[in-house]
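Read off the chains here:
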Amino acid sequence: MASTEAAAEAGAAPAVPQVDGAPGSQAFAWRHRHLLDVDGLSAADLDLVMRTTDAMREVLARPIAKVPALRGRQVTILFYEASTRTRVSFEVAAKNLSADVVNIAAASSSVSKGESLVDTVRTVEALGAQMLVMRHSVSGAPYLAAEVFGGSVLNGGDGWHAHPTQALLDLYTMRERLPGGSLAGRKVVILGDLLHSRVARSNIWTLTAAGADLWLCGPATLVRGFEAWAGRGAAAGRRFHVTTSVDEAVRDADVVMALRIQRERMASGLLPSLREYAARYGLTRERLALARPGALVMHPGPMNEGVEIAADVAAGDQSVITDQVTNGVAVRMALLYLLAGTHPDGTGAT
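Since the structure is predicted, the reported quantities are computational estimates derived from the model, not experimental observations. (Residues numbered from 1 in each chain as written. Predicted model: local features only at pLDDT ≥ 70, side-chain atom pairs only at ≥ 80, totals over all residues. Heavy atoms only, no water.)

Asker: Talk me through the confidence of the model for the protein chain; I want residue IDs and the actual numbers.
Answerer: In this model, the protein chain carries an average pLDDT of 89, and 89% of its residues clear a pLDDT of 70 or more. Every residue in residues 1-11 is under pLDDT 50, and counting partners more than four places away or in other chains gives 9 contacts. Of the regions scoring below 50 in pLDDT, residues 346-350 engages in 11 contacts with residues more than four places distant in sequence or in other chains. (pLDDT = per-residue confidence, 0-100. Contact = heavy atoms within 4.5 Å.)

Structural data, given as structure tokens:
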């Protein structure tokens with residue numbers, strides 16, 4: 001372990017775990033008991049996640065895409081909001097690592113009878129949970145869970161606040177698909193409903209840390225507050241751009257990520273109509289033509305085709321949306337593996 005720590009202090013890349021083995025049996029420079037957001041991850045942490053994901057992609061390419069790394073560990077997935085991609089992705093990731101998986105939908109649990117979050121977390125821990133993957137509609141809820149849970153908490157999305165695993169899989173997809181594998185100096189645009197987007201908030205941290213020239217774009221009612229954040233350089237002093245002009249944002253972009261119009265969160269009066277939003281801010285072929293040739297098209301899903309993104313763009317040659325979904329499994333495998341290594345006996349962080 002000492003040699004790994006010395007390498008990290010010297011700025012060398014941390015060793016990538018041999019993912020066929022148990023995470024607790026190896027020395028690698030990961031010190032985080034929980035993953036609640038990406039704002040606390042260093043450049044070395046991000047690099048370790050990316051390269052561990054490379055190893056997990058190799059596992060997924062095998063005829064039998066499974067390793068025994070988390071055999072005997074119980075991973076509990078507790079979602080207070082509806083989800084397909086994230087919930088199933090975490091479940092597949094945990095099973096690929098040979099973990100025992102328990103899936104709990106809050107609507108069909110004691111939560112519907114008034115049980116508090118703290119009581120629910122204590123109950124699932126008493127039933128054997130060692131790692132807790134959680135999504136909640138209230139910002140900060142995973143932080144409360146982490147205070148009372150003895151194992152590791154992974155935030156699967158909380159309110160408008162954060163979606164760390166989505167940001168990490170987005171970063172991985174860009175690094176994988178952009179020529180040269182680097183985001184340094186690349187123009188990346190996030191277009192759409194920024195106000196309600198936990199995805200955008202987490203992506204601000206990872207993309208600026210990767211050196212991207214980040215642009216946020218949307219109607220004035222859906223970007224409010226981001227101008228002040230950008231002006232302060234709030235992402236650890238790293239600045240980004242905010243504009244209401246689609247042409248300015250998309251011109252010469254290397255990556256354009258459209259965000260879903262979140263109808264379930266939309267307060268009245270923020271948009272005149274979905275039709276007008278689609279006409280003024282929807283990602284169409286005509287708007288995409290302003291970007292660099294071959295610019296990547298991304299979307300965290302689920303999509304409202306014909307609103308924030310045209311169907312032919314979502315399914316076009318430049319789209320890497322399916323790659324995002326596939327990479328999500330590998331990234332979540334990597335994170336489960338790394339977090340498991342912080343408490344190899346399953347009783348808590350070392």
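Asker: Describe the nonpolar core, listing the residues and the values that go with them.
Answerer: Within the largest apolar cluster, 67 residues are counted, with the highest numbers of intra-cluster contacts made by Leu168, Met174, Leu207 and Leu336. It is helix α13 (residues 321-340) that provides the largest number of residues to this core, a total of 11 residues. With sequence-adjacent residues up to four places away left out, Met174 is seen in contact with Leu183, Val188, Leu207, Val255, Met257, Leu296 and Met298. (Core = buried A, V, L, I, M, F, W, Y, C linked by side-chain atoms within 4.5 Å. Buried < 20%, exposed > 50% of the residue type's maximum accessible area, 1.4 Å probe, protein only. Helix = DSSP H or I, 4+ residues; strand = E, 2+ residues; numbered from the N terminus.)

Asker: I'd like to hear about the sheet that holds strand β3 (residues 131-136), residue by residue, with values.
Answerer: Taking strand neighbours across the sheet as the criterion, the 4 strands line up as β2-β1-β3-β4 in an open arrangement whose pairing is parallel. The open sheet has two edge strands with one neighbour each: β2 (100-105) and β4 (152-158). The mean inter-strand angle of the sheet, taken between neighbouring strand axes irrespective of direction, is 15°. In this fold helix α3 (residues 85-96) packs onto β1 (74-79), β2, β3 and β4, with an angle of close to 175° to the strand it touches most, β1. The sheet contacts of helix α5 (residues 141-148) involve β3 and β4, and relative to β4 the element is tilted by about 170°. (Pairing = 2+ DSSP bridges. Axes fitted to C-alpha atoms, helices over the stretch in contact; angles between N-to-C directions.)

Asker: I'd like to hear about the sheet that holds strand β8 (residues 255-258), residue by residue, with values.
Answerer: Strand order in the open sheet formed by 5 strands is β7-β6-β5-β8-β9, with parallel pairing between adjacent strands. If you trace the sheet from one side to the other, it starts and ends with β7 (241-243) and β9 (296-298), each paired once. Adjacent strand axes in the sheet meet at a mean angle of 20°, parallel and antiparallel pairs treated alike. Taken together, the 4 bridges between strand β5 (residues 187-191) and β8 define a ladder with parallel strand orientation. Bridged to Ile190 within β8 is Met257. Across the sheet, helix α6 (residues 164-177) lies against β5, β8 and β9, angled at about 165° from β9, the strand it touches most.

Asker: Pulling in residues and values, what's your account of the layout of surface pockets?
Answerer: Its volume calculated, the largest pocket comes out at about 590 Å³. Lining the largest pocket are 29 residues; nearest its centre among them are Arg135, Arg260, Pro300, Gly301 and Pro302. When residues of the lining of the largest pocket are traced back to their parent elements, those giving at least two are α3, α6, α7 (198-209) and α13. In terms of residue count, α13 provides more of the lining of the largest pocket than any other element does, 5 residues in total. (1 Å grid on protein atoms, 1.4 Å probe; cavity = no way out; pocket = protein on both sides within 12 Å on 5 of 7 lines; lining within 4 Å. Points joined across faces, edges and corners; volume = space filled by probe spheres on them.)

Asker: Requested: an account of the side chain of Glu91, with residues and values cited.
Answerer: One can find Glu91 in helix α3. By relative accessible area, which is 19% here, Glu91 ends up buried.

Asker: Explain the packing of helix α4 (residues 117-126) against α5 residue by residue, including any values.
Answerer: Two numbers describe how α4 lies on α5: the axes approach to 9 Å, and their chain directions differ by 50°. One finds that α4 runs oblique with respect to α5. Of the two elements, α4 crosses α5, and the hand of that crossing is right-handed. Across from Leu117, Val118, Val121, Arg122 and Glu125 in α4, the residues of α5 making contact are Ala141, Leu144, Ala145 and Val148. Per-class residue counts for the contact of α4 with α5 are 7 nonpolar, no polar and 2 charged. (Parallel < 35°, antiparallel > 145°, perpendicular 65-115°, else oblique. Left-handed = near helix turned anticlockwise from the far one by under 90°. Nonpolar A, V, L, I, M, F, W, Y, C, P; charged D, E, K, R; others polar.)

Asker: Quick rundown of the pairing of β8? Include the residues and the values.
Answerer: A two-sided burial pattern is seen for β8, the buried positions comprising Val255 and Met257 on one face and Val256 and Ala258 on the other. When β8 meets β9, the two strands line up parallel, connected through 3 bridges. Considered in β9, the bridge of Val255 is made with Leu296.

Asker: An account of the pattern of salt bridges is needed here, citing residue identities and associated values.
Answerer: Scanning all chains against the criterion turns up 13 salt bridges. Between Asp47 and Arg51 there is a salt bridge whose closest N-O contact spans 2.8 Å. In this pair, Asp47 and Arg51 both sit in helix α2 (residues 43-60), 4 residues apart, roughly one turn of the helix. Salt-bridge contacts for Arg198 lead to Glu81; the nearest nitrogen and oxygen are separated by 3.0 Å. One end of the pair, Arg198, is in helix α7; the other, Glu81, is in the loop between β1 and α3, with 117 residues separating them in the sequence. Per residue, the accessibility class of Arg198 equals that of Glu81, and both read buried. (Salt bridge = Lys/Arg side-chain N within 4 Å of Asp/Glu carboxyl O.)

Asker: With reference to specific residues and values, describe the packing of aromatic side chains.
Answerer: Using the criterion set out here, one finds 3 aromatic pairs in the structure. For the pair Phe226 and Trp229, a centre-to-centre distance of 6.0 Å together with 35° between the ring planes defines the contact as tilted. Placement of both Phe226 and Trp229 in helix α8 (residues 226-232) is noted, with a separation of 3 residues, approximately one turn of the helix. Each member of the pair, Phe226 as well as Trp229, is classed as buried. Judged by centre distance (5.8 Å) and plane angle (90°), the ring pair of Trp229 and Phe240 falls under edge-to-face. Taken as a pair, Trp229 in helix α8 and Phe240 in the loop between α8 and β7 lie far apart in primary sequence, 11 residues in all. Here the aromatic cluster, defined as three or more aromatic residues joined through ring pairs, consists of Phe226, Trp229 and Phe240. Over the ring of Trp215 we find Lys187; its NZ or CZ atom is 4.5 Å from the centre of that ring. Cation over ring: Arg332 sits above Phe90, and NZ or CZ is 5.1 Å from the ring centre. (Phe/Tyr/Trp six-rings, centres within 6.5 Å; stacked < 30°, edge-to-face > 60°. Lys NZ or Arg CZ within 6 Å of the ring centre and 35° of its normal.)

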